[in-house]
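# Residue-level structure breakdown
Here is what each chain is made of, one letter per residue.
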Amino acid sequence: MTETAIHLDRVGKSFALDNGKQLTALSEIDLRIGKGEFVALLGPSGCGKSTVLRLAAALETPSAGRVTIDGKEPQALSRAHRLGVAFQDHALLPWLDIFANVALPFQVAGRKVDDARVKELIGLVGLAGFEKARPRQLSGGMRQRASIARALALQPDVLLLDEPFGALDAVTRRHMNLELQRIWSAQRITTLLVTHSVDEALFLADRVIVMSGRPGRIIRDISIPFERPRHPSVMRDKRFHELVDELTLALEPEGAAP
Amino acid sequence: MTLQSEAVHRLVLGAVGVGLFLAIWQVIGTYRLAGMTWPPLTDVLAFIADPSKQGLFVRAMLASFASVALGYVVGILSGVAAAMLGQVLPIMRPGLDRLVAVIHAVPLVALAPVFMVLANRDLTPPAISALGVFYMIYVATTSGLKAASHTHRDLFTALGSSPTSRFLRLELPAALPALVSGMKLAIPVAFIGTIVGEWFGASRGLGLLMVSAMQNFQIPLLWSAVLIVTTASLALFGLMSLFERLVYGRFQ
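Residues numbered from 1 in each chain as written. Chains lettered and ligands numbered in written order. Predicted model: local features only at pLDDT ≥ 70, side-chain atom pairs only at ≥ 80, totals over all residues. Heavy atoms only, no water.

## What about the overall build of chain B?
Going by this rule: Where helices and strands are cited, they refer to DSSP runs of H or I of at least four residues and of E of at least two residues respectively, numbered from the N terminus. Here's how the labels work: a residue is buried when its accessible area is under 20% of the maximum for its type, exposed when over 50%, partly exposed in between, all with a 1.4 Å probe on protein chains only. Residues count as neighbours in contact if any of their non-hydrogen atoms are within 4.5 Å of one another. Accessibility throughout is a Shrake-Rupley quantity obtained with a 1.4 Å probe, and a residue counts as covered only by protein chains that appear here.
Broken down by element type, chain B carries 10 helices and 0 strands. For chain B, the spread of C-alpha atoms along the principal axes amounts to about 70 × 60 × 30 Å. Of all 252 residues assigned to chain B, the portion counted as buried reaches 41%. Considering only residue pairs separated by 6 or more positions, chain B has 70% of its internal contacts joining residues 24 or more positions apart. Accessible surface, chain B as shown: approximately 13500 Å² in total, 75% of it carbon and sulfur.

This is how it looks when you write it as structure tokens:
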């Protein structure tokens, strides 16, 4: 096993509800993500998989246990501008053009914008020629590409993707998966992807973690055997279909299986 | 195409409405349907255009419009500054909110005589304008500074943004549409403040002209002053609406 990058050590998270009750979103989550590993977190909606990602991004603090990235608090990573994130909502700033949006992490970090790097990233995600366009002028898929380019801008140590293609139609989504696979294979950044799509998780990840809900816990941890870079034909592989069936079954609510 | 024809449709309807309003004014005035104090529109326009009255109107307009501009600018700057203070120093926020609410609860008309005895009488109109505008802009800016979405805030946190960078790159630009809407709504407020201030005895201005014309039964003069103020206020309001549309297109 390689060096651990992200470590969730018996992490629990509960939220106080308006009616005074406690909602336990996560309990006893133990998860290690190795350096340069791509892990997909799969689960039904409301199982707390986004909360896991938010804990790693220092957007939430755990109620129990400890989250560390390279042995330090997640805040240390974001404060050092070493974290890249993309959400389901592209979160591009509507008043900036695509170039300025992708360059935003440089500015927030107080660094000089590396024009060549921004241009290269825009090319990498296939948006060359759209530098001066505003987010509203682009399609949903193009906006997501821009937000992924932005996440990569500072060559982060860790990439956190929270259903980045969740709002896209199936065709665009598959296309975006191919693109992300290509981009990722070139950079190999430690990545945590939250998704509810089995195909997406299998095609992109080195390891797939399946969660079940209320309270969220890990019920499956499967290594994905396919070689990289992966070709779309992988999705027609017999082994791929077996894994799809296995994971789909694991996602079924308990007791619902025949 | 449909959007364009819709805009044309609205423009035509608006023009018809204004035309009808002016025509009814003219008819009522011509046939004295509302008595001697309602002159026809053409009489009022002829009165304004009369070269011997030019000096009087220009002096009054300069005085009033200077008050409106001063009150508007001071109100906007202080309103934005107070809202930013509440944002940068959250501990100030509840106190500021309450203070502003109290200021707003005091009727501006009741404050005018107090200003008159306290300060320079010619500073009363811009002071009352500024107070009204201040309230409007404070409310618009504070709500605007909250307009940035949760995802945008999360993004800035994850990028390791400093509070200053977050304020300048996210909260401030996100607040601009609300601020500009506030600036549009503040235009008539600035005019009202100035005119009310002038009623209480400024030495110059359209408000003063209205009061003296009313007391001396100079009916065409009274209507002329009212028409000038109304037209100016509406024209600036219209301009700000255009600007507002521009800002919304860019920042939302």
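The rest of the description comes next.
## Structural notes on the overall build of chain A
Counted only if it meets this: Throughout, the radius of gyration refers to the C-alpha atoms, and the reference size of a globule is 2.2 Å times the residue count to the power 0.38.
Within chain A, the regular secondary structure consists of 8 helices and 9 strands. Relative to the compact-globule value of 18 Å for 258 residues, chain A shows a C-alpha radius of gyration of 18 Å, a close match. Projected onto the principal axes, the alpha-carbon positions of chain A cover approximately 55 × 45 × 40 Å. Among the 258 residues that make up chain A, the fraction classed as buried is 53%.

## Focus: the interface of chain A and chain B
Going by this rule: Each of two parts loses accessible area, computed with a 1.4 Å probe, when they are put together; buried area is these two losses added. Whenever Lys or Arg places a side-chain nitrogen within 4 Å of a carboxyl oxygen from Asp or Glu, that contact is recorded as a salt bridge.
In this complex, chain A contributes 21 residues to the contact, which on the side of chain B involves 20 residues. Taken over both partners, the interface formed by chain A and chain B buries close to 1900 Å², and the fraction arising from carbon and sulfur atoms is 63%. On the chain A side of the interface with chain B, the three residues burying the most area are Trp95, Val108 and Arg136 of chain A, jointly 32% of the side's total. Viewed at the interface, chain B and chain A are joined by 1 salt bridge.

## Re the pattern of salt bridges
In this structure the tally under the stated criterion is 23 salt bridges over all chains. A salt bridge links Glu73 of chain A to Arg66 of chain A; the shortest N-O distance between them is 3.7 Å. Looking at Glu73 of chain A, the relative accessible area reads 42%, which means it is partly exposed. A salt bridge links Glu200 of chain A to Arg173 of chain A, with the shortest nitrogen-to-oxygen separation between them at 2.7 Å. Note that Glu200 of chain A is positioned in helix 7 (residues 198-204) and Arg173 of chain A in helix 6 (residues 170-187), a separation of 27 residues in sequence. Note on accessibility: Glu200 of chain A and Arg173 of chain A belong to one class, buried. Each of Lys13, Arg54 and Glu60 of chain A together with Asp154 of chain B takes part in a single network of salt bridges with overlapping partners.

## Here we look at the confidence of the model for chain A
The criterion, for reference: The predictor's confidence in any single residue is recorded as pLDDT, a number from 0 to 100.
A residue-level look at chain A finds 97% of positions with pLDDT of 70 or above and a mean pLDDT of 87. The least confident element of chain A is helix 6 of chain A, whose mean pLDDT is 85; the most confident is helix 3 (residues 98-108) of chain A, at 94.

## Section: the packing of aromatic side chains
All names here are of chain B. Heads up, the rule is: When the centres of two rings from Phe, Tyr and Trp lie within 6.5 Å, Trp using its six-membered ring, the rings pair. Their planes under 30 degrees apart give stacked, over 60 give edge-to-face, and anything left gives tilted.
This structure, assessed with the given rule, holds 9 aromatic pairs over all chains. The interplanar angle of 70° and the centroid separation of 6.5 Å between the aromatic rings of Phe21 and Trp25 together place this pair among those described as edge-to-face. Of the two residues, Phe21 and Trp25 are both situated in helix 1 (residues 2-30); the distance of 4 residues between them amounts to about one turn of the helix. For Trp25, a relative accessible area of 8% corresponds to the buried category.

## Quick notes on a nonpolar patch on the surface
Residue and element names in this part refer to chain B. Condition: Grouping into patches uses exposed residues only, defined as over 30% relative accessible area, and leaves out salt-bridged ones; the cut-off is 9 Å for like charges and 5 Å for nonpolar side chains (Val, Leu, Ile, Met, Phe, Trp, Tyr).
On the surface, Val8, Val12, Val16, Leu20 and Ile24 cluster together to form a nonpolar patch covering roughly 450 Å² of accessible area. In this structure, Leu20 sits in helix 1. Judged by relative accessible area, which is 51%, Leu20 ranks as exposed.

## Re unusual backbone geometry
Keep in mind that most residues, glycine aside, have a negative phi and that most peptide bonds are trans. Its identity is not glycine, yet Glu163 of chain A carries a phi of approximately 40°, on the positive side. Take Glu163 of chain A: it is sitting in the loop between strand 6 (158-162) and helix 6. The exposure class assigned to Glu163 of chain A is buried, which follows from its relative accessible area of 9%. Not every positive phi belongs to a glycine, and Arg32 of chain B is a case in point at roughly 55°.

## Side note on the pairing of strand 7 (residues 190-195) of chain A
Residue and element names in this part refer to chain A. This is how the line gets drawn: Pairing between strands is defined by DSSP: at least two bridges between the two strands are required. Seen with its strands pointing away from the viewer, a crossover is right-handed when the path leading from the first strand over the helix to the second is clockwise.
Of all 6 residues in strand 7, 6 are buried; the element is thus mostly enclosed. Residues Thr190, Leu192 and Val194 point to one face of strand 7 and Thr191, Leu193 and Thr195 to the other, with burial holding for every one of them. Here strand 3 (residues 38-42) pairs with strand 7 via 5 bridges, running parallel. Among the inter-strand pairings, Val39 is bridged to a residue of strand 7, identified as Leu192. Here strand 6 runs beside strand 7; their pairing, made up of 5 bridges, is parallel. Each bridged residue has a counterpart across the sheet, and for Leu160 the counterpart in strand 7 is Leu192. In this view, the connection linking strand 6 to its parallel neighbour strand 7 by way of helix 6 has right-handed handedness.

## Some remarks on the packing of helix 9 (residues 206-215) of chain B against helix 10 (residues 219-251) of chain B
Residues and elements named next belong to chain B. Short version of the rule: In this description, a line fitted to the C-alpha atoms serves as the axis of each element, helices being fitted only across the stretch in contact, and the angle between N-to-C directions of two axes falls anywhere from 0 to 180 degrees. An angle below 35 degrees is treated as roughly parallel, one above 145 as roughly antiparallel, one from 65 to 115 as roughly perpendicular, and anything else as oblique. Crossing handedness is read from the near helix: turned anticlockwise from the far helix by less than a right angle, it gives a left-handed crossing, and turned clockwise, a right-handed one.
Where helix 9 meets helix 10, the closest approach of the two axes is 8 Å, and the angle between their N-to-C directions is 155°. In terms of axis orientation, helix 9 runs roughly antiparallel to helix 10. Crossing hand, helix 9 versus helix 10: left-handed. Within the contact between the two elements, helix 9 uses Leu206, Leu209, Met210, Ala213 and Met214 and helix 10 uses Leu221, Leu222, Ala225, Val226, Ile228 and Val229.

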